[in-house]
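Results of the structural survey
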Amino acid sequence: MRLFVGDDWAEDHHDVEVMDTSGQRLAKARLPEGVAGMARLHTLVGELAGELAGDNADEIEVLVGIETDRGPWVQALVAAGYTVLAVNPLQAARFRDRLGVSGAKSDAGDAHVLADMARTHAHELRPVAGDTPQAEAVKVVARIHKTLIWERTRHTQRLRHALRDYFPAALEAFEDLDAADARELLAKAPTPAQAARLTIGQISAALKRARRKNVAGKAAAIQTALRTEHLGQPEVVTAAYAASVQALIAVLDVLNAQVKTLQGQVEAHFGQHPAAEIVLSQPGLGPILGARVLAEFGDDPTRYASAKARKNYAGTSPITRASGKKKVTLARFVHNDRLIDALLTQAFSALRLSPGARAYYDRQRARGCGHNAALRQLANRLVGILHGCLKTGTLYDEATAWSHRAESLAA
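A brief look at the structure comes next. (Residues numbered from 1 in each chain as written. Predicted model: local features only at pLDDT ≥ 70, side-chain atom pairs only at ≥ 80, totals over all residues. Heavy atoms only, no water.)

This paragraph deals with the pairing of strand S5 (residues 83-86). Within a regular beta strand, the side chains point alternately toward one face of the sheet and then the other, so they alternate between its two faces. Bridging between strand S4 (residues 61-66) and S5 involves four bridges; their strand directions are parallel. Residue pairing across strands places Ile 66 opposite Ala 86, the latter belonging to S5. Each parallel crossover has a hand, and the one from S4 via helix H2 (residues 72-79) to S5 is right-handed. (Pairing = 2+ DSSP bridges. Helix = DSSP H or I, 4+ residues; strand = E, 2+ residues; numbered from the N terminus. Right-handed = clockwise from strand over helix to strand, strands pointing away.)

What follows deals with the packing of helix H7 (residues 180-188) against helix H9 (residues 200-209). Between H7 and H9, the least distance of the axes is 8 Å, while the angle of their chain directions is 145 degrees. The interaxial crossing formed by H7 with H9 has right-handed handedness. On the side of H7, the interface is formed by Asp 181, Glu 184 and Leu 185, while H9 contributes Gln 202, Ile 203, Ala 206, Leu 207 and Arg 209. Across the contact of H7 with H9, the residue classes break down as four nonpolar, one polar and three charged. (Axes fitted to C-alpha atoms, helices over the stretch in contact; angles between N-to-C directions. Left-handed = near helix turned anticlockwise from the far one by under 90°. Contact = heavy atoms within 4.5 Å. Nonpolar A, V, L, I, M, F, W, Y, C, P; charged D, E, K, R; others polar.)

Here we take up the sheet that holds S4. Spatial strand order, S3-S2-S1-S4-S5: five strands in an open sheet with mixed pairing. Of all the strands in the sheet, the pair left with one neighbour each is strand S3 (25-32) and S5. Averaged over all neighbouring strand pairs, the angle between strand axes comes to 20 degrees, with direction disregarded. Two elements, strand S1 (residues 2-9) and strand S2 (residues 13-19), share six bridges in a ladder whose sense is antiparallel. Of the residues in S2, the one forming a bridge with Asp 8 is Asp 15. Taken strand by strand, helix H4 (residues 107-121) contacts S1, S2, S3, S4 and S5, and its axis lies near 45 degrees from that of S2.

It is worth spelling out the packing of helix H3 (residues 89-99) against H4 at this point. Put simply, H3 and H4 touch, their axes get as near as 10 Å, and they point 95 degrees apart. Accordingly, the angle class assigned to the pair H3 and H4 is roughly perpendicular. On H4, the residues that touch Gln 91, Ala 92, Phe 95, Arg 96, Arg 98 and Leu 99 of H3 are Asp 110, His 112, Val 113, Leu 114, Asp 116, Met 117, Thr 120 and His 121. Of the residues belonging to the contact of H3 with H4, the class tally is six nonpolar, four polar and four charged. (Parallel < 35°, antiparallel > 145°, perpendicular 65-115°, else oblique.)

Taken as a whole, H3 has its buried residues at Ala 92, Phe 95 and Arg 96. The buried residues of H3 occupy one face: seen down the axis, they fall within an arc of 105 degrees. For H3, exposure combined with an orientation more than 90 degrees from the buried face picks out Arg 94 and Arg 98. Turning to H3, the residues buried within the fold contact H4. Two to three positions downstream of the cap, the backbone nitrogen of Leu 90 sits 2.7 Å from a side-chain oxygen, assigning the N-cap of H3 to Asn 88. (Buried < 20%, exposed > 50% of the residue type's maximum accessible area, 1.4 Å probe, protein only. Arc of directions from axis to C-beta. Polar contact = N/O pair within 3.5 Å; in protein donor to acceptor, adjacent residues only side chain to side chain.)

Little of strand S7 (residues 326-330) sits out of view: just zero of its five residues are buried. As paired strands, strand S6 (residues 319-323) and S7 are joined by five bridges and run antiparallel to one another. For Thr 320, the partnering residue across the bridge sits in S7 and is Thr 329. Hairpin connection, S6 to S7: the antiparallel pair is bridged by two residues, and Gly 324 has positive phi, about 65 degrees.

Looking at where Asp 300 falls in the secondary structure, it is placed in the loop between helix H13 (287-297) and helix H14 (307-314). At 6.6 Å, Arg 303 is the nearest oppositely charged side chain to Asp 300, a buried residue that forms no salt bridge. When near neighbours in sequence (up to four residues on either side) are disregarded, Asp 300 contacts Ala 129, Gly 130 and Asp 131. (Lys, Arg positive; Asp, Glu negative; His and termini not counted. Salt bridge = Lys/Arg side-chain N within 4 Å of Asp/Glu carboxyl O.)

Right under this line is the structure:
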């Protein structure tokens, strides 16, 4: 016997509905977030189970539909022995449209939708993976590390846009605005007039601290670029832009420091994971990229039934749209952005590290695939190889990984 629970969560409360196998609502409630709410949920489910099964209440399976797969609440549900089904919000929204077309929406209504989805589509929904605490720790530090890198890129672009609006000579002087020497000199001289007064000695000192090569030549080129005439802004506007640039540079300084600190944390946590050696044996994966791949795939050995299932989750495998006589194959555009970013980066790095990967990529290009399409297909192949290595507990071997490709070509 089963009970189905729909859990529509918010920051400080949960709307829940309990449903039986026939779709009849047995109970609904609004529970507070935290220990008190979880205790009330256990009590509610326990009372209903006792009414339905009596002394056999322990044999009732409880399935919970909820639109998240992480957090203390979800971990508590899993620890209680419930089967937790993580529902994509887009899936829930489309399922809601099947029950009514008026567009009405409420938290209690969403709990009903989630309970009904758990009742009718449990076989098609993915249970929350039972990842180990070590994998969860890797995920936490790897995700925030990547988030800070993305934030650094955004702030660098904001800096570039600001300079373009009032100080275009700086864009000619500094190729990399996030470089230590560029940030130091722009913070010291954020206006065109101040930058034009920078001496060769001041510029050279900044380049040396940034460990640049050919300091004399680069210092002269930077000074020349900063003293070049260009269109500008009124003095008061320039001063305002200068203040904003100094603020952006201060943020970039902090982001760079924290990215470096978190890199050490990522490497430390990843190095302690039992699967680290297998992941690192894959071509194109180092400690940071390997940690991201492990974090996003998780380490539950039962999560992926096959290599195809892992590829589908990764978003590297194609999808087919067929209707009548028309059939097209397309790339998946709904995917885990962090995972696909790591896998495509791995595939690009593998081109120079793995002869088999390079040959596979070249064959796709010879068939007429563009660079991105060929790289995605290579990433898809590498995911399959990783799945095999993790499943069998073996390290990557170049000859084994690509042997069937060589045999098929020879035939």
